[in-house]
Amino acid sequence: MKLDFCKACGRIVLRGFSFCPYCGMALHAGPDIEEALDSSFSSLEEGMGDQRDRRIRRLIKELSALEVDMDEILHSKA
Ligand SMILES: [Zn+2]
């Protein structure tokens, strides 16, 4: 089902209506709600993916730094 927001009163109106049934405002063809939601969700997921990648890369860096530390400790003892 295609839905639109009335820009005048903000209510959800079935797409295809020329006028808002609530306030009578002429409706213009705007971006689809579902499309708008999809694009905002996918950009959100991309952002989260970036963050996760950065965190994993940082963890790997910290782990390799830790490994170097361990090596130094082991070698200094030996
Ligand atoms: Zn309206």
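Residues numbered from 1 in each chain as written. Predicted model: local features only at pLDDT ≥ 70, side-chain atom pairs only at ≥ 80, totals over all residues. Heavy atoms only, no water.

**Quick look at the environment of Ala8**
Put simply, the rule reads: Strands are runs of DSSP state E lasting at least two residues, helices are runs of H or I lasting at least four, and both sets are numbered from the N terminus onward. Here a residue-residue contact requires only that any non-hydrogen atoms of the pair lie within 4.5 Å.
Along the chain, Ala8 turns up in the loop between strand S1 (3–5) and strand S2 (12–14). Spatially, the C-alpha atom of Ala8 lies 9.0 Å from that of Gly24, the residues being 16 residues apart in sequence. Apart from the residues lying within four places of it in its own chain, the contact partners of Ala8 are Cys23 and Met25.

**Here we look at the pattern of salt bridges**
Let me state the cut-off plainly: The salt bridge definition used is simple: a Lys or Arg side-chain nitrogen within 4 Å of an Asp or Glu carboxyl oxygen. Type-normalised accessible area, obtained with a 1.4 Å probe on protein chains alone, sets the label of each residue: buried when under 20%, exposed when over 50%, and partly exposed for intermediate values.
Within this structure, the stated rule accounts for three salt bridges. Across the salt bridge formed by Arg58 and Glu62, the nearest N and O atoms sit 3.8 Å from each other. Separated by four residues within a single helix, Arg58 and Glu62 lie in helix H1 (residues 33–77), roughly one turn from each other. When its relative accessible area of 45% is taken as the criterion, Glu62 is described as partly exposed.

**Digging into the coordination of the zinc ion**
For clarity, the threshold we go by: A donor here means any N, O or S atom no more than 2.8 Å from the metal (3.2 Å for Na, K and Ca); water is not included, so a site may seem to lack partners. Labels for metal geometry use angle windows, namely 85 to 135 degrees for all angles of a four-donor tetrahedral site, and for square planar (four donors) or octahedral (six donors) sites opposite donors over 155 degrees apart plus all others within 65 to 115; sites meeting none of these are irregular.
Every protein donor of the zinc ion is listed here as Cys6 (SG), Cys9 (SG), Cys20 (SG) and Cys23 (SG), and their distances to the metal cover 2.3 Å. Classification of the site at the zinc ion as tetrahedral follows from its four donor atoms and the range of 105 to 119° in their angles at the metal. Sequence spacing among the residues donating to the zinc ion works out to C-x2-C-x10-C-x2-C. Taken together, the residues Cys6 in the loop between S1 and S2 and Cys23 in the loop between S2 and H1 connect sequence positions 17 residues apart. Judged by its relative accessible area of 40%, Cys23 falls in the partly exposed class.

**A closer look at the confidence of the model for the protein chain**
In plain terms, the rule: A residue's pLDDT is simply how confident the predictor is in it, with values from 0 to 100.
Taken residue by residue, the protein chain gives an average pLDDT of 80. The fraction at 70 or more is 77%. Per-element confidence in the protein chain ranges from a low mean pLDDT of 80 for H1 to a high of 88 for S2.

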